[in-house]
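# Structural features, examined
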Amino acid sequence: LAKTTQPISMDSYEGQEVNITCSHNNIATNDYITWYQQFPSQGPRFIIQGYKTKVTNEVASLFIPADRKSSTLSLPRVSLSDTAVYYCLVGGIYNQGGKLIFGQGTELSVKP
Amino acid sequence: EAQVTQNPRYLITVTGKKLTVTCSQNMNHEYMSWYRQDPGLGLRQIYYSMNVEVTDKGDVPEGYKVSRKEKRNFPLILESPSPNQTSLYFCASSWGGAGEKLFFGSGTQLSVL
């Protein structure tokens, strides 16, 4: 099972771009990389997923280098409402027989 | 509306009093799982189920039981709760597959006195 390492916390200001990097050195060939966002008192919610190169949606971008041993979640022009915990998850339900390992997550604090 | 519903939202109980936290999904997902979240420890998987009547242990299964008699329901049972099970619990479901995404419930805050 791929273990992930993320920064515990990050601070930013409104309007800045925020990049959160997740390390996953033992990622398997068919593992996907998925990021979840969790607001206080809520369950995590899916924000973006990728396998290689770059993925972009209306919320974020995900950059994955060729060796896939890390990935970077990019949040453009953050606002106060982006204050949340962000989790990187590597693998897949069927790849790992159902067992999933989340990291500690990165607590992002956006200040005015 | 597609959702994962957990009940209750908050629960205060005493040591040793059996309790059940319910989880139900309306998306016909095959995969369901339970997590606990504690400060500084992130999300840790307790149990998971790949399909009806198929359950298996996650990273922290001690003190918990689950059952999967129907596809939509996956209750978490604490036969004899202890204070170290005070935590925030989340249920999640997914259709499964290699690139699936998880849908989480709103959480159950459990306090065991």
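The structure contained in this document is the topic of the report that follows. Here the structure is a predicted model, which means the values were calculated and not measured. (Residues numbered from 1 in each chain as written. Chains lettered and ligands numbered in written order. Predicted model: local features only at pLDDT ≥ 70, side-chain atom pairs only at ≥ 80, totals over all residues. Heavy atoms only, no water.)

Across its full length, chain A holds 0 helices and 9 strands. Reading chain A from its N end, one meets helices and strands in the order β-β-β-β-β-β-β-β-β. For chain A, the C-alpha radius of gyration of 13 Å lies close to 13 Å, the compact-globule estimate for 112 residues. Every one of the 112 residues in chain A was classed for burial, and the buried ones make up 47%. In chain A, of all internal contacts separated by at least 6 residues, the share reaching a separation of at least 24 is 57%. Per element, the accessible surface of chain A, about 5,400 Å² overall, is 49% carbon and sulfur. One finds the centroid of the 9 positive side-chain charges in chain A at a distance of 9 Å from the centroid of its 8 negative side-chain charges. (Helix = DSSP H or I, 4+ residues; strand = E, 2+ residues; numbered from the N terminus. Rg over C-alpha atoms; globule rule 2.2 N^0.38 Å. Buried < 20%, exposed > 50% of the residue type's maximum accessible area, 1.4 Å probe, protein only. Contact = heavy atoms within 4.5 Å. Areas by Shrake-Rupley, 256 points an atom, 1.4 Å probe, with all protein chains shown as cover. Lys, Arg positive; Asp, Glu negative; His and termini not counted. Charge placed at Lys NZ, Arg CZ, Asp CG, Glu CD.)

Once that is clear, we can look at the nonpolar core. Residue and element names in this part refer to chain A. Among the nonpolar cores identified, the biggest contains 22 residues, and Ile33, Trp35, Leu73, Leu75 and Tyr86 are the most heavily contacted of them. Where this core is concerned, the elements lending two or more residues are β2 (18-23), β3 (33-38), β4 (45-50), β6 (61-64), β7 (70-75), β8 (84-90) and β9 (106-111). Examining the composition of this core, we find that 4 residues originate from one element, β8, more than from any other. (Core = buried A, V, L, I, M, F, W, Y, C linked by side-chain atoms within 4.5 Å.)

Further remarks concern the pattern of salt bridges. Side chains bearing opposite charge may pair, as long as their charged atoms lie close to each other. Scanning the entire structure with this criterion turns up 5 salt bridges over all chains. Here Asp59(B) and Lys99(A) are joined by a salt bridge, their closest N and O atoms 3.7 Å apart. Taken together, the residues span two chains, with Asp59(B) in the loop between β6 (54-57) and β7 (65-66) and Lys99(A) in the loop between β8 and β9. Asp59(B) gets classed as partly exposed once you look at its relative accessible area, which sits at 38%. (Salt bridge = Lys/Arg side-chain N within 4 Å of Asp/Glu carboxyl O.)

For the rest of this paragraph, the subject is the interface of chain A and chain B. How big an interface is tends to be stated in terms of the accessible area lost upon association of its parts. Contacts between chain A and chain B engage 25 residues on the former and 27 residues on the latter. Together chain A and chain B conceal approximately 2,100 Å² of surface at their shared face, both sides included; 55% is due to carbon and sulfur atoms. Of all residues in chain A, Ile93(A), Tyr94(A) and Phe102(A) give up the largest surface area on contact with chain B, accounting jointly for 27% of the area buried on that side. Put simply, chain A and chain B have 1 salt bridge between them. Taken together, the links from chain A to chain B amount to 8 residue pairs in polar contact (both at pLDDT 80 or more). Contributing elements (two or more residues each) for the side of chain A that touches chain B: β3, β4 and β8 of chain A. With 3 residues, β3(A) is the single largest residue contributor to the side of chain A that touches chain B. (Buried area = accessible area lost by both parts, 1.4 Å probe. Polar contact = N/O pair within 3.5 Å; in protein donor to acceptor, adjacent residues only side chain to side chain.)

Fair warning: the whole summary comes from geometry, so function is off the table for now.
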